[in-house]
Amino acid sequence: MLCLSTLVYAAMVPAAIYAFSVVYPYLPVFSYTHVKDLDITINDFTGEFVDKKSAKNAASDKRREQYTKTTATFYNLITDFYEYGWGQSFHFAPRYEGEDFHASIRRYEHYVASQLNIPTPWNALPTEEAKMPRILDVGCGIGGPMRTVAKFFKYRARVTGINITEEHIVRAKRYNAREGIKNCDFIQGDFNNIPVADETFDAVYDFEATLHSTDTLTTFKEIYRVLKPGGRVVTAQYTLLDAYDEKNEEHVDIIRRVDNTNGCYCAGRKTAITTKALQDAGFKVLSYEDVFSKEAGSDIKFSEVFEGMRGGRFTGTKFGLMCTYVFCYLGEALRILPTGTAEVQSMLMGAAESFKQAGRLKILTPGMLYVLEKPKA
């Protein structure tokens, strides 16, 4: 009889071949030219900032104290994998039965744009910037949502993206140029200290970016400051749902691991606390809902992207994640990928598992979508 180890190795060979066929086109993405000594960087990151045992310890405190470094380092590590496995828009999206994953991303971005309360500015041509409303993209990433929003408004609104990670802005500019995107610009900086005058923007949106804020009240006040009176903010927040029990060790551990593997701060962020922080910042809450709930019309829970292939996302399935890990491991051994690539994938596999568990228990949503308004004086 064949021993178990022989069967395992036999299964790994076709898995590695399949993984290679899937990942090969993305080899240039996995160059990691923007990260010096990838293996040292990932080991330092997990050693310095990851909570190993509890939701609150020295690593958690250090991560909060150095949140800009934590966030920038996290995205330098994972952006190549996000582009390969997710696309250019680093956020979840509610999805209908039969709807393609990428189609749901675009539809969600269009919906958010439609809620910004900016009338289609027919009086402004794409060359007349002075007449255009200005929109702020908080935590713009590599510009996926920005490009969608710019096209949604037919290049008749100016979109400014702010991001802490230099490499994201480099890529966003490159992709914008490649697609011929007009009337977009960027600020590299901290969304808690946006270097623009008061009341600069007509509208603001945020696709899950402020989950990296260690002080949401400070962040929301800064967004309030740069928004014009009467302007709207549409923000997708990670919040803990009613099923979350802070006395349940399993729940606490799941959220600890979500925070560890995503460089975020979900612990303690119940929906009521987030709502109060937005109101304390000065906003009028026009509406909020969990866009992944059945009540909001979503057919598929957010964590489904890590559980099955509905929507065509093989890379997020357990087998797909393992195939990618095997490829990374072999790529390192063959020296076609930098040392440390497999360790980054291992961290992201942990992220997928924690999201699956949070989704199954219905203790977290990445899509508590708020529509807010800055009251007129």
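A few points on the structure. Source: prediction; values computed, not measured. (Residues numbered from 1 in each chain as written. Predicted model: local features only at pLDDT ≥ 70, side-chain atom pairs only at ≥ 80, totals over all residues. Heavy atoms only, no water.)

Focus on the overall build of the protein chain
Turning to step 1, where the next piece is worked out: Looking only at helices and strands, one finds 12 helices and seven strands in the protein chain.
Turning to step 2, where the next piece is worked out: Counting over 377 residues, the protein chain shows a buried share of 55%.
Turning to step 3, where the next piece is worked out: Within the protein chain, residue pairs in contact and separated by at least 24 positions form 77% of the contacts whose partners lie at least 6 positions apart.
Turning to step 4, where the next piece is worked out: When the accessible area of the protein chain is evaluated, it comes to approximately 16,800 Å², of which 54% is carbon and sulfur surface. (Helix = DSSP H or I, 4+ residues; strand = E, 2+ residues; numbered from the N terminus. Buried < 20%, exposed > 50% of the residue type's maximum accessible area, 1.4 Å probe, protein only. Contact = heavy atoms within 4.5 Å. Areas by Shrake-Rupley, 256 points an atom, 1.4 Å probe, with all protein chains shown as cover.)

Examining the sheet that holds strand S3 (residues 184–188)
Turning to step 1, where the next piece is worked out: Read from one edge to the other, the open sheet built from seven strands follows the order S3-S2-S1-S4-S5-S7-S6, with strand pairing classed as mixed. This sheet does not close on itself; its edge strands, each paired only once, are S3 and strand S6 (284–290). Across the sheet, the mean angle separating the axes of adjacent strands is 20° when strand polarity is ignored.
Turning to step 2, where the next piece is worked out: Of the pairings in the sheet, the one linking S6 to strand S7 (residues 364–373) comprises six bridges and is antiparallel in character. (Pairing = 2+ DSSP bridges. Axes fitted to C-alpha atoms, helices over the stretch in contact; angles between N-to-C directions.)

Some thoughts on helix H7 (residues 166–179)
Turning to step 1, where the next piece is worked out: Across its 14 residues, H7 extends 20 Å between first and last C-alpha, which sits within 8% of the 20 Å expected from 1.5 Å per residue.
Turning to step 2, where the next piece is worked out: Summarising the contacts, the buried residues of H7 are in contact with helix H4 (67–85), helix H6 (144–152), strand S2 (158–163) and S3.
Turning to step 3, where the next piece is worked out: Directly after H7, the chain includes glycine 180, whose backbone phi takes a positive value near 70°. (Expected span 1.5 Å × (residues − 1).)

Structural notes on helix H5 (residues 101–114)
Turning to step 1, where the next piece is worked out: Over its 14 residues, H5 extends 20 Å from the first C-alpha to the last, a length consistent with the 20 Å expected when each residue adds 1.5 Å.
Turning to step 2, where the next piece is worked out: For H5, the set of buried residues is Phe101, Ser104, Ile105, Tyr108, Glu109, Val112 and Ala113.
Turning to step 3, where the next piece is worked out: Backbone nitrogen of histidine 102 and a side-chain oxygen of the N-cap are separated by 2.9 Å at the start of H5; the cap is aspartate 100. (Polar contact = N/O pair within 3.5 Å; in protein donor to acceptor, adjacent residues only side chain to side chain.)

Structural notes on the packing of helix H8 (residues 216–226) against helix H10 (residues 271–280)
Turning to step 1, where the next piece is worked out: One way to put it is that H8 packs onto H10 with a least axis distance of 8 Å and a crossing angle of 40°. As summarised for this structure, H8 and H10 are arranged oblique, according to the angle between their axes. Helix-helix and strand crossings are classified by hand; for H8 and H10 the assignment is right-handed. Facing H8, whose interface residues are Thr216, Leu217, Phe220 and Lys221, H10 presents Thr274, Ala277, Leu278 and Asp280.
Turning to step 2, where the next piece is worked out: Per-class residue counts for the contact of H8 with H10 are four nonpolar, two polar and two charged. (Parallel < 35°, antiparallel > 145°, perpendicular 65-115°, else oblique. Left-handed = near helix turned anticlockwise from the far one by under 90°. Nonpolar A, V, L, I, M, F, W, Y, C, P; charged D, E, K, R; others polar.)

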